[in-house]
Amino acid sequence: MKLKSFSFSKLCTILIFVFLYAPIFVLIANSFNASKSRTVWTGFTLDWYSKLFNNETILTSLANSLLVALVAAVCATVLGTLAAIGIYNMKPITRRAVMSVTNLPNINPEIVTGVSLMLLFVGLNIEFGFTTLILSHIVFCVPYVILNVMPKLRQMNVSLCEAAMDLGCNQLQVFRKVIIPEITPGIITGFLMAFTYSIDDFVISYFTYGAKAQTLSITIFSMTRRKVSPEVNALSAIIFVVVLVILLIINILDIRKHKKEARR
Amino acid sequence: MNKHAKLAAFPYLLWMAVFIIVPLALIVVFAFTTTVTVDADGNILTAEEITEVQDAFYEEYGEDADIAELGLSEKTVFTLQNILDVSKYMNTLLNSIWLALIATVICLVLAYPVAYFISRLHFTKQKMMLMLAMLPMWMNFLLRTYAWMTILERNGLLNRLFALVGLGPFEMINTQGAVVLGMVYNYLPFMILPLYSVMTKIDSRTIEAAQDLGANRLTVIGRVVLPLSVPGISSGITMVFVPAVSTFIISRMLGGGTNMLIGDLIDLQFLGNAYNPNLGAAMSLVLMVFILLCMSITNSIDNEETEVSML
């Protein structure tokens, strides 16, 4: 089986990885291209990298993206964790109803969620800017937190809470000292997912951003309508390397942990 | 835990009402209403009638008179017209569904062998390969699509490559094919991930048992791997189809202005030249209902809950 599957599956996989990485390679190559044209190579340069650090539009929008993602992810994590604990303790029927509504923003096409939020903010007469951007990011981040915390609650041993209460803990202490530590891994994964989805989002931001609060995606979008400045290529190359390194570290740690457990 | 724990969800329930239910209700309200001008007696006026009464008013009271005294006001009334108007754009809707369907099928065909290959690797390699498959998703989606513009353009990299061997130039950008390619490229990892997560649970011994019992490769795939991966297939299909059918960026960047999808139309009604939120809401509602119907069909195909782990 191994030898046979080698030929076809492996070939497919290699070709698809080439397909997946070709545009990224083009982006990174262009970040070193002396020419402003995207298709002609005129020589190697690091100019775009130094220009990037002087380009205020890009740097401001990058900072905005990080700020929005951080605030939205923190709020979504708090709201979502509390929600998950509450929903977990509901009757099955109510739980199912609440969960189907919870999933709506992410089941719906992004454009529908974006448009619906835009209508809401217009109706409430809120000025489009950071407030609307952060609120709408929390909307699509909360489901990810709930979906990550819920399984941890299900895995938790209910007797733990009872034991804590028998030993004299009050509600708040049970919450703080038993429940929260038990579900922390889920909370962290939820937070990280919320953060990355927020950073990456374009469609929902597109319908809810204001002139003073442009995220990186929005800035790149307005550039693609004219011409993308090569500084953006430099930025994406940097982001690519940073993400690659982070993912490699996470994976290596994960594999080490797994091996250790296997040895035991 | 006890009954009081339910209270922890209270802020969220409030949030849910304001930021999920109300916005969707607004879409429904906008889809079924329109703004009309009524006179002081509450009669609805057409555009011509409005100019008529306004002209008459100015004639009687002079050019400097305050038009507000005429007593015209705007009113929101129930209508089915917006929903009926959506049918005028049925071609665009069908075209979006068609292109998204093609992209979904291509994604399934491409992702299946990849997911299978990764799932049969050693654990350590599995993790690494999966990470590499997901890594492109971390790059900005607009930039990746922009890079495809560079590749597909008339003077782009592919045409230059073809020119070297004396072929082309081919018209690749601004075609439906380019739009499908953009969809496949952007959403392929969404297909690989759920497929991988069901396939990695298939025990290698099951496959070996099938082989021992005389199944050849095709039989193994067709009668063992395929049936066991149905939950992954159906969640992969929804994860690719939903964003593909509603995209407006891919069609704008790779399709030029000519290959409009339903997403472009909705965008135009809200933020574009064709400003008409009522019609836009009607289109969104139709799209939403269509997708929820599709989802309920795929969900009924596989009742098993599939866990999809990101990253």
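The rules behind these values
Residues numbered from 1 in each chain as written. Chains lettered and ligands numbered in written order. Predicted model: local features only at pLDDT ≥ 70, side-chain atom pairs only at ≥ 80, totals over all residues. Heavy atoms only, no water. Helix = DSSP H or I, 4+ residues; strand = E, 2+ residues; numbered from the N terminus. Rg over C-alpha atoms; globule rule 2.2 N^0.38 Å. Buried < 20%, exposed > 50% of the residue type's maximum accessible area, 1.4 Å probe, protein only. Contact = heavy atoms within 4.5 Å. Areas by Shrake-Rupley, 256 points an atom, 1.4 Å probe, with all protein chains shown as cover. Lys, Arg positive; Asp, Glu negative; His and termini not counted. Charge placed at Lys NZ, Arg CZ, Asp CG, Glu CD. Salt bridge = Lys/Arg side-chain N within 4 Å of Asp/Glu carboxyl O. Polar contact = N/O pair within 3.5 Å; in protein donor to acceptor, adjacent residues only side chain to side chain. Nonpolar A, V, L, I, M, F, W, Y, C, P; charged D, E, K, R; others polar. Expected span 1.5 Å × (residues − 1). Domains from an automatic or database assignment. Buried area = accessible area lost by both parts, 1.4 Å probe. Patch = residues over 30% accessible without salt bridge, like charges linked within 9 Å, V, L, I, M, F, W, Y side chains within 5 Å. Axes fitted to C-alpha atoms, helices over the stretch in contact; angles between N-to-C directions. Parallel < 35°, antiparallel > 145°, perpendicular 65-115°, else oblique. Core = buried A, V, L, I, M, F, W, Y, C linked by side-chain atoms within 4.5 Å. Pairing = 2+ DSSP bridges. Phe/Tyr/Trp six-rings, centres within 6.5 Å; stacked < 30°, edge-to-face > 60°. pLDDT = per-residue confidence, 0-100.

Enquirer: An account of the overall build of chain A is requested, with residue identities and associated values reported.
Expert: A count of helices and strands for chain A gives 11 helices and zero strands. Reading chain A from its N end, one meets helices and strands in the order α-α-α-α-α-α-α-α-α-α-α. For 264 residues, the compact-globule estimate of 2.2 N^0.38 gives 18 Å, and the C-alpha radius of gyration of chain A, at 23 Å, exceeds that figure by more than 25%. Dimensions of chain A, computed from C-alpha atoms along their principal axes, come out at roughly 75 × 65 × 35 Å. Within the span of chain A, comprising 264 residues, buried residues form 50% of the whole. If you take every contact in chain A between residues at least 6 apart in sequence, the share linking residues at least 24 apart comes to 70%. When the accessible surface of chain A is split by element, carbon and sulfur atoms take 66% of a total near 13200 Å². Here chain A contributes 23 positive and 12 negative side-chain charges, whose respective centroids are spaced 8 Å apart.

Enquirer: Lay out the pattern of salt bridges in plain terms, naming residues and giving numbers.
Expert: Proximity of charged atoms lets side chains of opposite charge pair with each other. Residues and elements named next belong to chain B. On inspection of all chains with the given rule, the structure shows five salt bridges over all chains. R154 is the salt-bridge partner of E171, the closest N and O atoms lying 2.5 Å from each other. With E171 in the loop between α7 (157–164) and α8 (176–199) and R154 in the loop between α6 (141–152) and α7, this pair connects stretches of sequence that are 17 residues apart. Overall, the relative accessible area of 53% leaves E171 in the exposed class. Salt-bridge contacts for R252 lead to D267; the nearest nitrogen and oxygen are separated by 2.3 Å. One end of the pair, R252, is in helix α12 (residues 249–254); the other, D267, is in helix α13 (residues 262–271), and 15 residues separate them in sequence. Since its relative accessible area comes to 26%, R252 is described here as partly exposed.

Enquirer: Now, about unusual backbone geometry: what can you tell me, with residues and values included?
Expert: One non-glycine residue, N125 of chain A, lies in the positive phi region at around 65°. Using a relative accessible area of 70% as the deciding quantity, one classes N125 of chain A as exposed.

Enquirer: With reference to specific residues and values, describe the interface of chain A and chain B.
Expert: Listed by partner, the interface residues are 86 residues for chain A and 81 residues for chain B. Our enumeration of links across chain A and chain B arrives at one salt bridge. Summed over the shared surface of chain A and chain B, the result is five residue pairs in polar contact (both at pLDDT 80 or more). By residue number, the principal contributor to the side of chain A that touches chain B is helix α1 (residues 2–31) of chain A, which donates 16 residues. Of the residues belonging to the side of chain A that touches chain B, the class tally is 62 nonpolar, 16 polar and eight charged.

Enquirer: Tell me about helix α2 (residues 47–61) of chain B, and please be specific about residues and values.
Expert: The first and last C-alpha atoms of α2 of chain B sit 21 Å apart over 15 residues, in line with the 21 Å expected at 1.5 Å per residue. Just past α2 of chain B, the residue G62 of chain B takes up positive phi, approximately 90°.

Enquirer: Tell me what's going on with the domain arrangement of chain B, and back it up with residues and numbers.
Expert: Residues and elements named next belong to chain B. When the domains of chain B are assigned, the result is domain 1 (3–85) and domain 2 (89–301). Each of domain 1 and domain 2 has a C-alpha centre, and these two points are 40 Å apart. With 11 residues of domain 1 in contact, the opposing surface of domain 2 contributes nine residues. Around 850 Å² of area is buried between domain 1 and domain 2 when both sides are counted, 75% of it from carbon and sulfur atoms. At the surface where domain 1 touches domain 2, the tally comes to zero salt bridges. At the junction of domain 1 with domain 2, the criterion picks out two residue pairs in polar contact (both at pLDDT 80 or more). When contributions to the side of domain 1 that touches domain 2 are tallied by element, the ones reaching two or more residues are α1 (10–31), β1 (33–38) and α3 (81–86).

Enquirer: Residue-level account of a negative patch on the surface, with values.
Expert: Taken together, the side chains of E48, E49, E52, D55, E59, E63 and D64 of chain B make up a negatively charged region of the molecular surface. Positionally, E59 of chain B belongs in helix α2.

Enquirer: Break down the side chain of N251 of chain A for me, with residues and values.
Expert: Here N251 of chain A shows up in helix α11 (residues 230–263). With residues up to four places along the chain from it excluded, the contact list for N251 of chain A reads K127, M128 and M131 of chain B.

Enquirer: Account for the packing of α6 of chain B against α7 of chain B, naming residues and giving values.
Expert: Residues and elements named next belong to chain B. It is at 4 Å that the axes of α6 and α7 come closest, and there the two elements cross at 25°. The orientation of α6 with respect to α7, classified from their angle, is roughly parallel. Of the residues in α7, those in contact with T150, I151 and L152 of α6 are L157, L158 and N159.

Enquirer: Tell me about the nonpolar core, and please be specific about residues and values.
Expert: Of all hydrophobic cores here, the largest spans 168 residues; its most connected members are I87 and L153 of chain A together with Y12 of chain B. Ranked by the residues each element gives to this core, the list is headed by α8 of chain B, at 16 residues. Here this core spans two domains, since at least three of its residues come from each of domain 1 (3–85) and domain 2 (89–301) of chain B.

Enquirer: Can you break down a positive patch on the surface residue by residue, with the values?
Expert: All names here are of chain A. Among the surface-exposed residues, R256, K259, K260, R263 and R264 lie close enough to one another that they form a single positively charged patch. Checked against the element boundaries, K260 lands in helix α11. Note on K260: relative accessible area 55%, which makes it exposed.

Enquirer: Lay out the sheet that holds strand β2 (residues 44–45) of chain B in plain terms, naming residues and giving numbers.
Expert: Neighbouring strands of a sheet are bound in pairs by backbone hydrogen bonds; such pairs are parallel or else antiparallel. Residue and element names in this part refer to chain B. Strand order in the open sheet formed by three strands is β2-β1-β3, with antiparallel pairing between adjacent strands. At either margin of the open sheet sits one strand with a lone partner, and together these are β2 and β3 (73–78). Inspection of the sheet shows β1 paired to β2 by two bridges, in the antiparallel sense. Bridge pairing in β2 links T37 to L45.

Enquirer: Describe in detail the packing of aromatic side chains, supporting the description with residues and values.
Expert: Residue and element names in this part refer to chain B. According to the stated counting rule, one finds 25 aromatic pairs over all chains in the structure shown. The interplanar angle of 45° and the centroid separation of 5.1 Å between the aromatic rings of F57 and Y61 together place this pair among those described as tilted. Of this pair, F57 and Y61 are both found in helix α2, four residues apart, which corresponds to roughly one turn of the helix. Taking the relative accessible area as the measure of exposure, F57 reaches 6% and is therefore buried. With a relative accessible area of 52%, Y61 lands in the exposed category.

Enquirer: An account of the environment of C294 of chain B is needed here, citing residue identities and associated values.
Expert: When you line up the elements, C294 of chain B lands in helix α14 (residues 277–301). Separated by 62 residues in the primary sequence, C294 of chain B and G232 of chain B place their C-alpha atoms 16 Å from one another.

Enquirer: Report on the confidence of the model for chain B, specifying residues and quantitative values.
Expert: Residue and element names in this part refer to chain B. Chain-level pLDDT for chain B is 87 on average; 95% of the residues reach the 70-or-more range. Model confidence for chain B, summarised as mean pLDDT per element, is weakest for β2 at 80 and strongest for α1 at 95. The complex prediction reports pTM at 0.88, with the ipTM value standing at 0.87.

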